Amino acid sequence: MTSYARLFQPRLDGSPLVTNIEIPSIQRDYAQGRTDERASKVRSRFLDVLHTALTGKAPVSLDFVYGSLEGETLHPLDGQQRLTTVFLLHWYLGYRAGELAEEQPWMKFSYATRPSARLFCERLVRAAPAPGETQPTSWIVDQPWYLYVWQQDPTIQAMLVMIQDIHERFADCDGPAAWKRLAVDEDPAISFLFLPVELTSGEDLYIKMNSRGKPLTAFENFKALFECAISWSGDRATAIGHRIDGAWTDVLWRFRGDDDIIDDEFLRYFSFITDVCQWQLGQVPTPGLVEERALRLFGTPGDEAEQSLNFLTHAFDTWASTDVREQMAELFTRTDIGGSQPLVIFGADENINLLEACCRAYDDSDRGRFTYSRTLLLLAVLLDRMSPSGDFPRRVRVLRNLIEGSDNELRPQRMPALVADVRRVIVEGSLEGIKGFNQVQVDDEQQKLAFLQQYPDLTDVLFRLEDHPLLRGSLQAFDLDPATLPGRAASFEVLMASDEHWLELTGALLAAGDYSRRLGDRDRQFGAPHNAAPWRRLLAGESRSGLASTASALGSVLDAISAGTNVETALRDICDAFARARVQQQNLDWRYYLVQYDVMREGWSGIYASVKAEMGYAICMLNRARMNGYYRDPYLSALVREAEIPGVDEGGPYFIGGYVDEPRWFSLPRSGTRIRNAANGFELLPPEEGRFRDAFDRECDNLKVGERYLHVVPQQEHDGSLVDLQDRVASGADLLRRLLAVGL
C-alpha cells in the first residue's frame, strides 16, 4: 500500500524505484474531466470520496494501480484516470499550502498520448499561484506559457475541468491541513496498491484487458495480468492461459453460483493455492488482496515461482475429467464411523466436498467460512493425488486426529510449520520431526500406532472410538489395554450417545475419583449435564500422564456399565455406594456433596471456581468460563432446593460478578433474612424490617444459633483438611424451613 507522493520514494520492501510516471500512448485521453453527464457524475462522486478522506478521519484506498517499468519510469496500464486526478489534486493543494516553490519528486508526471499534454504537465507543476488564488483555472489560462492551441487538446481541457471542480469541492477546506494528510502524514489519507508487472508487450496486456469494450470483472483483470506476469515461463504461460479458459473452467463450472459465473469461485480456489504455496515456502501471507500476492509470487522468476507454478497446475489439473463429488465421498463422511474409509470429518460445515467448499467459502480474512482444518485436509488430498502413497486412508486419519487435537496451534503464524507437517504425514508417512501440531496429540498418535501394530485386530474398535464427536481422535483418557478397551469403548459409545445420562455420569465419575482437570490458578473442569463442549475439554488436549486421574475414574465407571444391565441403575448405584461410605466414614467433603445433590452439578460449563483451584466449601459453579456471567454457589442452590423455597429461579440463586473468595448471600423473599455458606456452616443476617426481627431472634434462640448468627456444622480433620461430620445441606435446609414456618 502506498500513496501517490510515496510512489516516488525508496521503499523498505524492495519495490522498484519510480522517478517518473508517463501515461503510455496506448492509453485513451484523460476522461474524468469530460463534460458529459456520465463523466460529470463520476467526477462528482470521486471528488466527494477524496474530500471525505482529506477532511475527515476515514482514509480511502483507490485499489490497484498496475504498470510496467522501463528503467525508473512507470507506464500505467490500469489506473491512469485515478493517477491523473490525484496528480492534479496534489498540484491544487500544493499551491493552497504554499508547497510548490521547490521541485518535488511527485511533479514528474506526464502524458505520452500527445506532446501538448506532456508540455502542459511540465508547465503546470512549475506554476505556483498565490495560496489565496480563487480562480485557478482562469489563472492558468491567463498565463503566458499557456498556448492557445491547447484549447483543442481533449486531455488538457479535461484537466482544466477537473482543476475547476477540485477547487469548487475543496475551496472551503484547510489547504495546509489537507496537504499534510495527502502528502506528508505517515498514514496518508489517499492510498492505492501498486503492482509493477514485467511485460514483453504492454500493448498485449492492454488489449487483453480492454478487448470486450465493457468493464472487466476482478477475475478477468487478474487473469490478464497473471498471464503476463508469468510470461517468464515461456510456452508454459500460454498453456496455463489456455487451461484457465478451458479445462480449469470446466473443473469449477459445476460449482457455479446462481448467476452462472465462476469468477468468485476461481478467485477463492486461487487464493487457497496462493496461500498454500507461500506456506510451503515458509512464508506467512501478509494481509491484503490475494491478487497482489499472487502476481508477486508467481511473477518473480526463480525456483520459488517454478515450484509454485507446479503446485498451481497440479491443483487444477488433478480434478480434470474427474467426478469430484464421488471422489470426495469415497474419502470423507459426516456420519459413518469406525471404518478406515471414508473418514469422519468434524466441524460446522456439512459439505464433505472440500474442493467445492473451498470454492464457495475460502476467505483468508474469515477463517470461520473455510477453516484451517479444512484447508489442511484439502492440501492432504492434493498432495496424495500428486504422489499416491497407497496408504492415504490411514495417513489422513492420523492427520485428522492431529488437526482436531491442535485447536490452539491452528493460527496464521504457525501455518508454514503445519503445512510442512502435513507433507511429512501424507507424503512421507512419518510422525518424526512434527513441529507445528500439538505435541500431546503427536505422542497419542505414536502410541496408538504402536498399539495397533501389536494388536491389529482392535483396529476397528480404536477407529470407532477415535471417530466419536467428543473425542475426535484424542484417546488420552483411555488406557490402551487390549483387555479393557473393547468393553470400555462400547460403554462409552452408549453412555455418550446423548445427554440422557450425563447428569448421573458427572456424579458417578466424581464418586470414582476426582476426575477434574485444573484450568489455571482458580478453575477446575468437570463434565456437564447438557453441554458437550466441557466433555471435549475434559477428555482431550492433555498427555496420558496428565489425564491419569480422569482416565482412572472414567475406566471404573465404564467397567461398571459393561458389567451391568442398565446404564441409569449402574450410575446411581455408584453414587449411592459412595455417599453411604462417606457418611459411615464421617467424611462429608466437597465430593460427597456434589455426588449427593444433583443440583450442585447442573452448571452449563462444567467449570468450578475456588481459591487456588482447591475444591472445598467455598466454590462457584459457572455457567460460562468467567465470573462476569451468571454463576451459582452450589451449596446455596442445594440448600434452597432441599428447603423448597418458593419464588426462587430454577436452580438458583444466581450471582453475577465478584470474586470467588467473597461472601454470597441469599435473601428469603418475604423477610429479607439473609444466609450464606461459610467454611464451618451457615451464617445468617437478620431482617432489616423490625416487624420480622422478633420472630427471627426467637427462632435463632430455639435453634441455638451461635454468636454472629452462625449455624455451625460439626467438623473433624481428615487428610489435613476440616470436613463435615453431618450433612450441612440437610441441616441448613431444616434451618430455612423453620425460619419460613415462623413467617420469615
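What you see as residue numbers is a count from 1 along each chain, following the sequence as written. Only residues with pLDDT of at least 70 are given local features in this predicted model, and only at 80 or more are side-chain atom pairs given and counted; all residues enter the totals for whole chains, interfaces and linings. Excluding hydrogens and water, the side-chain values take into account all heavy atoms of the structure.

Draft legend 1. How the structure looks around the overall build of the protein. For the protein, the count of helices and strands is 29 helices and 19 strands. The quantity called the radius of gyration is restricted to C-alpha atoms. Its globule counterpart is 2.2 Å times the number of residues to the power 0.38. Here the protein has a C-alpha radius of gyration of 37 Å; the compact-globule value for 744 residues is 27 Å, and the former is much larger. Per-residue accessibility, obtained with a 1.4 Å probe over protein chains only, is compared with the maximum for each type, and a residue is labelled buried under 20%, exposed over 50%, and partly exposed between these values. Looking at the protein residue by residue over its 744 residues, the buried ones come to 53%. What makes two residues a contact is simply this: any of their non-hydrogen atoms within 4.5 Å. For the protein, the share of sequence-separated contacts (at least 6 apart) that also reach a separation of at least 24 residues comes to 66%. Secondary structure elements follow DSSP: runs of H or I of four or more residues count as helices, runs of E of two or more count as strands, with numbering from the N terminus.

Draft legend 2. Fine view of the packing of aromatic side chains. Stacked, tilted and edge-to-face pairs are distinguished by plane angle, under 30 degrees for stacked and over 60 for edge-to-face with tilted covering the rest, among Phe, Tyr and Trp rings (Trp via its six-membered ring) whose centres lie within 6.5 Å. For the structure shown, the criterion picks out 34 aromatic pairs. When the ring of Tyr630 is compared with that of Tyr654, the centres are 6.0 Å apart and the planes differ by 85 degrees; the resulting orientation is edge-to-face. In this pair, Tyr630 sits in strand β12 (residues 630-632) while Tyr654 sits in the loop between α27 (634-643) and β13 (655-656), placing the two residues 24 residues apart along the sequence. Just above the ring of Trp665 sits the side chain of Arg674; from NZ or CZ to the centre is 5.2 Å. Ring-over charges, as used throughout, are those where CZ of Arg or NZ of Lys falls within 6 Å of the ring centre and within 35 degrees of the ring normal. For Arg728, the ring lying beneath its charged end belongs to Tyr617, and the centroid distance is 4.1 Å.

Draft legend 3. Representation of the nonpolar core in the model. Membership of the largest hydrophobic core comes to 77 residues, with the highest contact counts inside it found for Phe226, Tyr269, Phe298 and Phe437. Setting aside anything within four residues of it in sequence, one finds Phe226 in contact with Ile240, Ile244, Phe270, Leu295, Phe298, Leu309 and Leu312. In this text, buried Ala, Val, Leu, Ile, Met, Phe, Trp, Tyr and Cys residues form a nonpolar core when linked through side-chain atoms within 4.5 Å.

Draft legend 4. Main features of the sheet that holds strand β17 (residues 710-712). In this scheme, strands are said to pair when DSSP sees at least two bridges between them. Read across the sheet, 4 strands follow the order β14-β15-β16-β17 without closing on themselves; strand pairing throughout is antiparallel. A strand with exactly one partner marks an edge of an open sheet, and here the two such strands are β14 (665-667) and β17. The mean angle between the axes of side-by-side strands here comes to 25 degrees, regardless of whether they run parallel or antiparallel. Pairing of β14 with strand β15 (residues 674-678) involves 3 bridges; the strand directions are antiparallel. Across the sheet, residue Phe666 finds its bridge partner in β15, namely Ile675. Here an angle of 0 to 180 degrees is reported between the N-to-C directions of two axes, which are lines fitted to C-alpha atoms, with helices fitted over the stretch in contact. On top of the sheet, helix α29 (residues 728-741) reaches β15, β16 (681-685) and β17; it is set at about 25 degrees to β16, its chief contact.

Draft legend 5. Structural view of empty space enclosed by the protein. Think of a 1 Å grid over just the protein atoms. A cavity is a set of points where a 1.4 Å probe fits yet cannot get out, a pocket is an open set with protein on both sides within 12 Å along at least five of seven lines, and lining residues have an atom within 4 Å of a point. Grid points are joined across faces, edges and corners, and a volume is the space filled by probe spheres set on the points. Counted by the stated rule, this structure contains 2 cavities of 30 Å³ or more. Empty space within the largest cavity amounts to approximately 50 Å³. For the largest cavity, the full set of lining residues is Phe492, Met496, Leu505, Leu509, Tyr515, Trp535, Leu538, Leu539, Thr550 and Leu554. When contributions to the lining of the largest cavity are tallied by element, the ones reaching two or more residues are α22 (502-512), α23 (532-539) and α24 (548-563). The greatest single-element share of the lining of the largest cavity, amounting to 3 residues, is contributed by α23. Note on residue classes: Ala, Val, Leu, Ile, Met, Phe, Trp, Tyr, Cys and Pro are nonpolar, Asp, Glu, Lys and Arg are charged, and everything else, Gly too, is polar. Taken together, the residues of the lining of the largest cavity sort by class into 9 nonpolar, 1 polar and no charged. One number sums up the size of the second largest cavity: a volume of about 40 Å³. Along the walls of the second largest cavity sit Thr506, Leu510, Tyr515, Phe526, Gly527, Leu594, Arg601 and Tyr608, which together make up its complete lining.

Draft legend 6. Expanded view of the pairing of strand β19 (residues 721-724). The sheet contact formed by strand β18 (residues 715-718) and β19 spans 4 bridges and is antiparallel. Considered in β19, the bridge of His718 is made with Ser721. In this structure, the hairpin formed by β18 and β19 is closed by a connection of 2 residues, where Asp719 is found at a positive phi of approximately 50 degrees.

Draft legend 7. Main features of the packing of helix α16 (residues 372-386) against helix α17 (residues 392-404). Relative orientation of the contacting elements α16 and α17 amounts to 160 degrees, with a least axis distance of 10 Å. Here α17 runs roughly antiparallel to α16, going by the angle between their axes. Note that α16 runs across α17; the crossing there is right-handed. Along its contact with α16, which presents Ser373, Leu376, Leu377, Ala380, Val381 and Asp384, the element α17 presents Phe392, Val396, Leu399, Ile403 and Glu404. Classifying every residue of the contact of α16 with α17 by side-chain character gives 8 nonpolar, 1 polar and 2 charged. Orientation labels follow simple angle bins: below 35 degrees gives roughly parallel, above 145 gives roughly antiparallel, 65 to 115 gives roughly perpendicular, and whatever is left gives oblique. Here is the rule for handedness: rotate from the far helix to the near one, and if that takes an anticlockwise turn smaller than a right angle the crossing is left-handed, while a clockwise turn gives right-handed.

Draft legend 8. Just the sheet that holds β12, in detail. Pairing in this open sheet of 6 strands is antiparallel, and the strands run β8-β9-β10-β11-β12-β13 from one edge to the other. Each edge of the open sheet carries a strand with a single partner, namely β8 (517-519) and β13. Relative to strand β10 (residues 607-610), strand β9 (residues 523-525) runs antiparallel, the two sharing 3 bridges. Looking across to β10, one finds that Asp523 is bridged to Ala609.

Draft legend 9. Local environment of the pattern of salt bridges. Each reported salt bridge corresponds to a side-chain nitrogen of Lys or Arg within 4 Å of a carboxyl oxygen of Asp or Glu. Going through the model one piece at a time under the given rule, you end up with 38 salt bridges. The residue Glu466 makes a salt bridge to Arg397 at a minimum N-O spacing of 2.9 Å. Of this pair, Glu466 sits in helix α20 (residues 459-466) while Arg397 sits in helix α17, and the two are 69 residues apart along the sequence. On the basis of relative accessible area, Glu466 is assigned to the buried category, the value being 0%. Taking the relative accessible area as the measure of exposure, Arg397 reaches 0% and is therefore buried. A salt bridge links Arg424 to Asp421; its shortest N-O distance comes to 3.0 Å. Here Arg424 and its partner Asp421 are both found in helix α18 (residues 415-428), 3 residues apart, which amounts to about one turn of the helix.

Function cannot be read off these values alone, since they describe shape.
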